[in-house]
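Residue-level listing of the chains:
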Amino acid sequence: MLRKHSGVICVAMCYILIGISYPVAKEAMESIPTWTFTLLTFLIAVVALFPLSLLIDRTNWLTVPLRDWTAISVQALFGAVLFTVFLLYGLPTTTAVAASVITSVAPAVVLVLSALFLKEKMQMKSLVSVFLAVISVIVMTLPQSGGGTGQNSLSGLLFLTLSTLSTSAVIIFAQKLSSQLKPLTMATGVCLVGAVLSVPLALPELRSFSLTSLTQSQILILVYYGLTVWALPYIFFFHGIWRIPASTAGMTVALVPVASVLTSALFFGAAITSTELTASGLIVASIVVAEMKFRRRELVAPVKS
């Protein structure tokens, strides 16, 4: 039981760190081309993690089996590159509400995929937990009075759907393609492959963007993002993902917007609405339900004298 709880905490920390980073890095992400930003932050993560993999895990990268490289590459492809590509192509042509609704169904998608491909049983508490997680994100992103206009394109909705599938696939593949590598080594490998896959997408941007134009504050944010969105979250993810069911891991994805909203309110002066408080409460409830252990009361027959 302790092993499962620690797994939930680790995976939850992964998505909490990702959520915290969005308001922190927002300005830099808007001023630096997307794939240049992604490539640089991946490289920073590799620089931080690679020496640690040699010193702590004593990983011999030349002898890593092909099976493990396959698991690493799949995680990098779906968790970083494809997810980012689909999200960036989908957001400009969809409304915020549509984007929120589609991306918030990730816990439900993971639940269905885990039943289909991992043969996990759909327990009632899992269904309730996922339902609460999905509803919480939808509630959080409902437009306030007077807002929420816009048009949705079919292509935009399709790209957002694909981004949600990519997020869900990461959790399923992590369970399906288990590896003997330690979490630190897995995180290093994913960041390394992610950097390699980002190069072709970043090269066109680098023709018109000079790295020498980066300011000191932008560099600090790049370092922060590389460590707290790629390096640390992946370490937490691989520490916990093999200790818990995929359906439970999928539910924690809903923590991303909660962490983002709370960070914006606490450190950037953003106001928290009653809607956001309600949504945060639903997230907490979903985690509690997922971790509750229900026991059936056994009927004991009376002893005859």
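Residues numbered from 1 in each chain as written. Predicted model: local features only at pLDDT ≥ 70, side-chain atom pairs only at ≥ 80, totals over all residues. Heavy atoms only, no water.

**As for the overall build of the protein chain**
Piece 1. For the protein chain, the helix and strand inventory stands at twelve helices and zero strands.
Piece 2. Helices and strands in the protein chain line up, N terminus first, as α-α-α-α-α-α-α-α-α-α-α-α.
Piece 3. Per-residue burial for the protein chain yields a buried fraction of 48% across its 305 residues.
Piece 4. Of the contacts made within the protein chain by residues no fewer than 6 positions apart, 93% connect residues no fewer than 24 positions apart. (Helix = DSSP H or I, 4+ residues; strand = E, 2+ residues; numbered from the N terminus. Buried < 20%, exposed > 50% of the residue type's maximum accessible area, 1.4 Å probe, protein only. Contact = heavy atoms within 4.5 Å.)

**A word on the confidence of the model for the protein chain**
Piece 1. With 80% of its residues at a pLDDT of 70 or more, the protein chain shows a mean pLDDT of 82.
Piece 2. Every residue in residues 145–149 scores below 50 in pLDDT, and together they form two contacts with partners more than four places removed in sequence or on other chains.
Piece 3. This stretch, residues 296–301, has a pLDDT under 50; its non-local contacts, to residues over four places away or in other chains, come to zero contacts. (pLDDT = per-residue confidence, 0-100.)

**Side note on helix H9 (residues 216–240)**
Piece 1. Here H9 spans 35 Å end to end across 25 residues, near enough to the 36 Å set by a 1.5 Å rise per residue.
Piece 2. Where H9 bends most, at Pro-233, the angle is about 30 degrees. (Expected span 1.5 Å × (residues − 1). Bend = angle between axes of the 7 residues up to and from the residue.)

**Quick look at the packing of aromatic side chains**
Piece 1. Taken as a whole and assessed by the stated rule, the structure comprises eleven aromatic pairs.
Piece 2. On the numbers, 5.8 Å between centres and 20 degrees between planes, the contact of Phe-50 with Trp-61 is stacked. With a gap of eleven residues between them, Phe-50 in helix H2 (residues 34–55) and Trp-61 in the loop between H2 and helix H3 (66–90) connect regions that are remote in the sequence.
Piece 3. By relative accessible area, which is 31% here, Phe-50 ends up partly exposed.
Piece 4. Consider the rings of Phe-86 and Phe-159, whose centres lie 6.3 Å apart with planes at 25 degrees: the pair is stacked. Of the two residues, Phe-86 is situated in helix H3 and Phe-159 in helix H7 (residues 154–176); the sequence distance between them amounts to 73 residues. (Phe/Tyr/Trp six-rings, centres within 6.5 Å; stacked < 30°, edge-to-face > 60°.)

**As for a nonpolar patch on the surface**
Piece 1. A grouping of Val-112, Leu-116, Phe-117, Met-122, Met-124, Leu-127 and Val-128 is seen on the molecular surface, where their side chains present a nonpolar patch of about 640 Å² in accessible area.
Piece 2. Listing elements by their share of the nonpolar patch, those giving two or more residues are helix H5 (106–117) and helix H6 (124–140).
Piece 3. Relative to the helices and strands, Leu-127 resides in helix H6. (Patch = residues over 30% accessible without salt bridge, like charges linked within 9 Å, V, L, I, M, F, W, Y side chains within 5 Å. Areas by Shrake-Rupley, 256 points an atom, 1.4 Å probe, with all protein chains shown as cover. Salt bridge = Lys/Arg side-chain N within 4 Å of Asp/Glu carboxyl O.)

**Thoughts on the side chain of Ser-53**
Piece 1. Examined against the element boundaries, Ser-53 turns out to sit in helix H2.
Piece 2. Under the relative-accessibility criterion, Ser-53 is labelled buried at 0%.
Piece 3. Setting aside its immediate chain neighbours within four residues, Ser-53 contacts Arg-58, Thr-59, Trp-61, Leu-184, Thr-185 and Thr-188.

**So, the nonpolar core**
Piece 1. Among the nonpolar cores identified, the biggest contains 59 residues, and Tyr-15, Ile-171, Cys-191, Trp-230, Tyr-234 and Phe-237 are the most heavily contacted of them.
Piece 2. Secondary-structure elements contributing two or more residues to this core are helix H1 (2–31), H2, H3, H5, H7, helix H8 (183–206), H9 and helix H10 (246–251).
Piece 3. When residues in this core are grouped by element, the largest group, ten residues, is from H9. (Core = buried A, V, L, I, M, F, W, Y, C linked by side-chain atoms within 4.5 Å.)

**Looking at the environment of Leu-157**
Piece 1. The residue Leu-157 is located in helix H7 in this model.
Piece 2. With 71 residues separating them along the chain, Leu-157 and Phe-86 place their C-alpha atoms 9.9 Å apart.

**Things to note about the packing of H2 against H3**
Piece 1. Taken N-terminus to C-terminus, the directions of H2 and H3 make an angle of 160 degrees; their axes are 12 Å apart at the nearest point. One element, H2, and the other, H3, form an angle in the roughly antiparallel class. Where H2 crosses over H3, the handedness of that crossing is right-handed. For the pair formed by H2 and H3, the contact residues are Thr-34, Trp-35 and Phe-42 on the first element and Ala-80, Val-81, Thr-84, Val-85 and Leu-88 on the second.
Piece 2. Counted by class, the contact of H2 with H3 contains six nonpolar, two polar and no charged residues. (Axes fitted to C-alpha atoms, helices over the stretch in contact; angles between N-to-C directions. Parallel < 35°, antiparallel > 145°, perpendicular 65-115°, else oblique. Left-handed = near helix turned anticlockwise from the far one by under 90°. Nonpolar A, V, L, I, M, F, W, Y, C, P; charged D, E, K, R; others polar.)

**Observations regarding the packing of H3 against H9**
Piece 1. Running from amino to carboxyl end, H3 crosses H9 at an angle of 125 degrees, the nearest separation of the two axes being 14 Å. Considering their axes alone, H3 and H9 lie oblique with respect to each other. In this structure, the crossing between H3 and H9 has a hand that is right-handed. Within the contact between the two elements, H3 uses Gln-75, Gly-79 and Ala-80 and H9 uses Trp-230, Tyr-234, Phe-237 and Phe-238.

**Concerning the environment of Ser-153**
Piece 1. By the element assignment, Ser-153 lies in the loop between H6 and H7.
Piece 2. On the accessibility criterion, Ser-153 (23% relative accessible area) is partly exposed.
Piece 3. Ignoring any residue separated from it by four or fewer positions in sequence, one finds Ser-153 in contact with Thr-93 and Thr-94.

**Looking at the environment of Ser-178**
Piece 1. Relative to the helices and strands, Ser-178 resides in the loop between H7 and H8.
Piece 2. Classification of Ser-178 as partly exposed rests on a relative accessible area of 35%.
Piece 3. Ser-178 has contacts with Arg-67 and Trp-242, leaving out every residue within four places of it along the chain.

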